[in-house]
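Next come the chains, spelled out residue by residue.
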Amino acid sequence: MKNLPTRLLLSALLVTLAWITSGSASAALPDSAMEQAIARTCHEALGLPANGKIRVTGARAAQPDLLARAQGISRVELPPGESGRGRVTAKVHLVVPGQPNAWTWASARTEITVPTVITTRPIRRGERLQATDLMVTQLTENPSNIQRIEDAVGRVARRSIPRHKAVRATVVRKPDIIRRGDRLEAIIRKGSLRIRTGALAAESGGDADLIRVKLAENGRVLMGRVLNARQVEVQP
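Read on for an overview of the structure.

Rules and cut-offs
Residues numbered from 1 in each chain as written. Predicted model: local features only at pLDDT ≥ 70, side-chain atom pairs only at ≥ 80, totals over all residues. Heavy atoms only, no water. Phe/Tyr/Trp six-rings, centres within 6.5 Å; stacked < 30°, edge-to-face > 60°. Buried < 20%, exposed > 50% of the residue type's maximum accessible area, 1.4 Å probe, protein only. Lys NZ or Arg CZ within 6 Å of the ring centre and 35° of its normal. Pairing = 2+ DSSP bridges. Helix = DSSP H or I, 4+ residues; strand = E, 2+ residues; numbered from the N terminus. Axes fitted to C-alpha atoms, helices over the stretch in contact; angles between N-to-C directions. Contact = heavy atoms within 4.5 Å. Expected span 1.5 Å × (residues − 1).

**Section: the packing of aromatic side chains**
Piece 1. Considering all chains together, one arrives at 1 aromatic pair under this definition.
Piece 2. Between the aromatic rings of Trp103 and Trp105, the centroid separation amounts to 5.4 Å while the plane-to-plane angle is 90°, which identifies the pairing as edge-to-face.
Piece 3. Residue classification places Trp103 among the partly exposed positions, given a relative accessible area of 31%.
Piece 4. The ring of Trp103 has Lys91 lying over it, and the distance from NZ or CZ to the ring centre is 4.3 Å.

This is how it looks when you write it as structure tokens:
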């Protein structure tokens, strides 16, 4: 190397620097890096359970040239009022050489999946659900879907549920422990007083349900909360 002319050495050095510069310049952050950073922030903001999953697609930066110069993402912020569901807008803080406060707005679409109880076989109306009738899988988030098998076992289907369909809280009910026409004890609360009297169930209901009961002493129909198979609590 000592015998090479100075001009040749300088030329080789310039070529090497050019290669290094071009290589680092082309190493832009992939869209997946921004999508993953947005996903982590939305997951935390939504308070999803550990087994809840969030998928982010179609991430686009408002300043793609700035993103192309970035070496990393330091953090992502959701603006006030941004839920993290559906189409979201986020403030992405970037690690850019020479620009300590670099950031860009970005938009993306989120899809949230959570553990969801589904049926393993067709369920007929009026059937009582057993553990063997159910399994858990990841489905798009729906507030009415039941997420734990133990919350569905023992419930009665209000209508038929096809195989491999999500079990919604609105299509199942607690099993009746009181049936219409049953003779009951009504516990009537009046301030600190508790009066016990006979009553007749005017409708069926499960544990903790509100049902109509007819008081034996005067025939009044009141709402009572089911305590057990023989008692309801009434607040006149």
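Alright, that's what it looks like, and here's the rest.
**A short note on the sheet that holds strand 12 (residues 231–234)**
Piece 1. Spatial ordering of the closed barrel is given by 8-9-10-11-12, a layout of 5 strands whose pairing is mixed. When strand polarity is set aside, the average angle formed by the axes of neighbouring strands in this sheet is 50°.
Piece 2. Where strand 8 (residues 183–190) meets strand 12, 4 bridges bridge the pair, whose relative direction is parallel. By the bridge assignment for strand 12, Ile188 is matched with Val234.

**Here we look at unusual backbone geometry**
Piece 1. Even without glycine at this site, His164 takes up a positive phi of about 65°.
Piece 2. Among the secondary structure elements, His164 is positioned in the loop between strand 6 (156–157) and strand 7 (172–173).

**Structural notes on the environment of Val88**
Piece 1. One can find Val88 in strand 3 (residues 86–95).
Piece 2. Under the relative-accessibility criterion, Val88 is labelled buried at 1%.
Piece 3. Sequence-wise, Val88 and Ile38 are 50 residues apart; in three dimensions their C-alpha atoms are separated by 9.2 Å.
Piece 4. Residues in contact with Val88, not counting those within four places in the same chain, are Ile38, Glu82, Ala106, Ser107, Ala108 and Thr110.

**Side note on helix 2 (residues 31–46)**
For an α-helix the count is 3.6 residues per turn, leaving residues at separations of three or four pointing the same way.
Piece 1. With 16 residues, helix 2 should cover 22 Å at 1.5 Å per step; its first-to-last C-alpha distance of 22 Å lies within 8% of that length.
Piece 2. Every buried residue of helix 2 is listed here: Met34, Glu35, Ala37, Ile38, Ala39, Thr41, Cys42 and Leu46.
Piece 3. Buried positions along helix 2 lie against strand 1 (53–61), helix 3 (64–69), strand 2 (72–77), strand 3 and strand 4 (103–119).
Piece 4. Looking at the residues trailing helix 2, positive phi occurs at Gly47, about 65°.

**Observations concerning the pairing of strand 9 (residues 193–201)**
Piece 1. Sheet topology places strand 8 next to strand 9; 8 bridges connect them, and they run antiparallel. Across the sheet, Ile188 pairs through a bridge with Ile195, a residue of strand 9.
Piece 2. Here strand 8 folds back onto strand 9, and the loop between the two strands holds 2 residues, one of which, Gly191, carries a positive phi near 65°.
Piece 3. Taken together, the 3 bridges between strand 9 and strand 10 (residues 210–215) define a ladder with antiparallel strand orientation. The residue bridging Ala199 from the neighbouring strand is Leu215, located in strand 10.

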